[in-house]
Amino acid sequence: MTKPLQVEKLTRYADAVRKFASAAQNRCFGCGAANEHGLHLEFYLTQELHAVCETTVGDFFEGPKGFVHGGIIATLLDETMSKAVRAHGLVAMTRHMEVDYQRPVPSSEEIRLEGRVTRNEGRKHWTEALILNGHGKVLAHGKGLFIEVKPAPDPDPVKDGPTPHG
Ligand SMILES: CCCCC/C=C\C/C=C\C/C=C\C/C=C\CCCC(=O)SCCNC(=O)CCNC(=O)[C@H](O)C(C)(C)COP(=O)(O)OP(=O)(O)OC[C@H]1O[C@@H](n2cnc3c(N)ncnc32)[C@H](O)[C@@H]1OP(=O)(O)O
């Protein structure tokens with residue numbers, strides 16, 4: 001089992017991490033500012049290139065009353081692992097992932113997402129991610145395999161600005 005990263009409240013450790021860049025027109029369900037129905041996750045990178053995010057999901061995405069829907073939990077883990085891969089300058093898609101739902105994830109409390117790349121082999125990059133509550137208890141654990149892809153060219157990089165991919 002992975003130990004949680006010892007990154008305390010991000011606001012207090014602002015100089016130890018940098019914010020993950022995201023274009024204003026990004027429509028990614030996980031992290032896009034331009035998706036009004038999305039999760040609006042804001043990620044930070046640690047010096048070790050681990051992806052970290054603190055968020056409160058909200059009752060819109062509930063499954064059991066008071067708790068986050070399992071599909072959304074998988075999305076949170078997928079997005080976190082994807083950010084860890086991107087942190088290494090890689091453009092890759094999720095090929096395989098698994099989720100260990102260890103405890104229910106409260107919808108109205110702040111949670112922390114942490115992700116990292118664990119192994120690389122050619123185009124294949126293995127990852128893992130955690131969802132933790134405010135006391136640092138692990139609520140969910142994900143593992144993933146990401147495969148590098150060639151990104152589609154931007155239609156008009158001058159007109160459209162930076163790539164909209166999350
Ligand atoms: C090409 C079009 C790209 C369009 C998208 C453009 C850019 C997007 C890029 C990044 C994403 C950006 C933002 C992310 C937004 C959301 C974040 C969350 C991330 C996601 O939500 S993203 C969506 C869900 N995702 C998909 O929608 C993927 C659908 N899928 C595919 O599009 C293909 O599947 C692909 C391209 C992934 C790979 O296809 P492929 O043909 O290039 O690769 P191939 O099959 O050859 O596998 C390669 C090697 O992995 C080994 N391998 C396969 N499976 C394995 C397993 N289970 N265990 C161990 N090894 C395994 C093989 O054995 C082989 O190994 P070896 O090379 O050693 O022989």
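Computed from a predicted structure; not experimentally measured.

Trainee: I'd like a description of the overall build of the chain, backed by residues and values.
Mentor: Across its full length, the chain carries 2 helices and 7 strands. Mapped in sequence order, the helices and strands of the chain form the string β-β-β-α-β-β-β-β-α. Taking all 166 residues of the chain together, 40% fall into the buried category. Once local pairs closer than 6 in sequence are excluded, the contacts in the chain between residues at least 24 apart make up 64%. When the accessible area of the chain is evaluated, it comes to approximately 9500 Å², of which 52% is carbon and sulfur surface.

Trainee: Help me get a handle on the site of the ligand, residues and values and all.
Mentor: Every one of the 16 residues lining the ligand counts as a neighbour, but Asp78, Thr94, Arg95, Arg123 and Lys124 are closest to it. Take lysine 124: an N or O atom from its side chain is 2.8 Å from an oxygen atom of the ligand. Alone, the ligand offers 1400 Å² of accessible surface; in the complex the protein occludes 53% of this. The element best represented in the shell around the ligand is strand 4 (residues 92-101), accounting for 5 residues.

Trainee: Outline the sheet that holds strand 5 (residues 111-121), supporting the account with residue identities and numerical values.
Mentor: Spatially, the 7 strands line up as an open sheet ordered 1-2-3-5-6-7-4, and their pairing is antiparallel. Strand pairing shows two members of the sheet lacking a second neighbour, strand 1 (18-19) and strand 4, which therefore form its edges. Relative to strand 6 (residues 124-132), strand 5 runs antiparallel, the two being bridged by 9 bridges. Bridging from a neighbouring strand, arginine 116 pairs with glutamate 128 of strand 6. In the packing of helix 1 (residues 70-87) onto the sheet, the strands contacted are strand 2 (44-45), strand 3 (51-55), strand 4, strand 5, strand 6 and strand 7 (138-148), and the crossing angle to strand 4 comes to about 135°.

Trainee: Which residues make up the packing of aromatic side chains, and what values go with them?
Mentor: Within this structure, the stated rule accounts for 2 aromatic pairs. When the centroid spacing of 5.8 Å and the interplanar angle of 90° are considered together, the rings of phenylalanine 29 and phenylalanine 61 count as edge-to-face. With phenylalanine 29 in the loop between strand 1 and strand 2 and phenylalanine 61 in the loop between strand 3 and helix 1, this pair connects stretches of sequence that are 32 residues apart. Under the relative-accessibility criterion, phenylalanine 29 is labelled partly exposed at 31%. Here phenylalanine 60 and phenylalanine 61 contribute two aromatic rings whose centre-to-centre distance is 5.0 Å and whose plane-to-plane angle is 90°, an arrangement assigned as edge-to-face. Owing to a relative accessible area of 12%, phenylalanine 61 belongs among the buried residues under this scheme. Put simply, the rings of Phe29, Phe60 and Phe61 pair up and form one aromatic cluster. Sitting over the ring of phenylalanine 20, lysine 83 keeps its end group 5.4 Å from the ring centre. It is arginine 119 that lies over the ring of tryptophan 126; its NZ or CZ is 3.9 Å from the centre.

Trainee: So what's going on with the side chain of serine 107? Residues and values would help.
Mentor: Counting through the fold element by element, serine 107 comes out in the loop between strand 4 and strand 5. Excluding residues that lie within four positions of it along the chain, serine 107 makes contacts with Thr56, Val57, Gly58, Asp59, Glu62, Gly66, Phe67 and Val68.

Trainee: Could you give an account of the pattern of salt bridges, naming the residues involved and the relevant values?
Mentor: Taken as a whole and judged by the stated rule, the model has 6 salt bridges. Residue lysine 19 pairs with glutamate 42 through a salt bridge whose shortest N-O separation is 3.7 Å. With lysine 19 in strand 1 and glutamate 42 in the loop between strand 1 and strand 2, this residue pair connects regions lying 23 residues apart in the sequence. On the basis of relative accessibility, which here comes to 47%, the residue lysine 19 falls in the partly exposed class. Accessibility expressed as a relative area gives 45% for glutamate 42, which makes it partly exposed. The structure contains a network of salt bridges with shared partners spanning Arg119, Glu121 and Lys124.

The rules we used
- Residues numbered from 1 in each chain as written.
- Predicted model: local features only at pLDDT ≥ 70, side-chain atom pairs only at ≥ 80, totals over all residues.
- Heavy atoms only, no water.
- Helix = DSSP H or I, 4+ residues; strand = E, 2+ residues; numbered from the N terminus.
- Buried < 20%, exposed > 50% of the residue type's maximum accessible area, 1.4 Å probe, protein only.
- Contact = heavy atoms within 4.5 Å.
- Areas by Shrake-Rupley, 256 points an atom, 1.4 Å probe, with all protein chains shown as cover.
- Near = heavy atom within 4 Å.
- Polar contact = N/O pair within 3.5 Å; in protein donor to acceptor, adjacent residues only side chain to side chain.
- Pairing = 2+ DSSP bridges.
- Axes fitted to C-alpha atoms, helices over the stretch in contact; angles between N-to-C directions.
- Phe/Tyr/Trp six-rings, centres within 6.5 Å; stacked < 30°, edge-to-face > 60°.
- Lys NZ or Arg CZ within 6 Å of the ring centre and 35° of its normal.
- Salt bridge = Lys/Arg side-chain N within 4 Å of Asp/Glu carboxyl O.

None of the figures reported here should be taken as evidence of function without further support.
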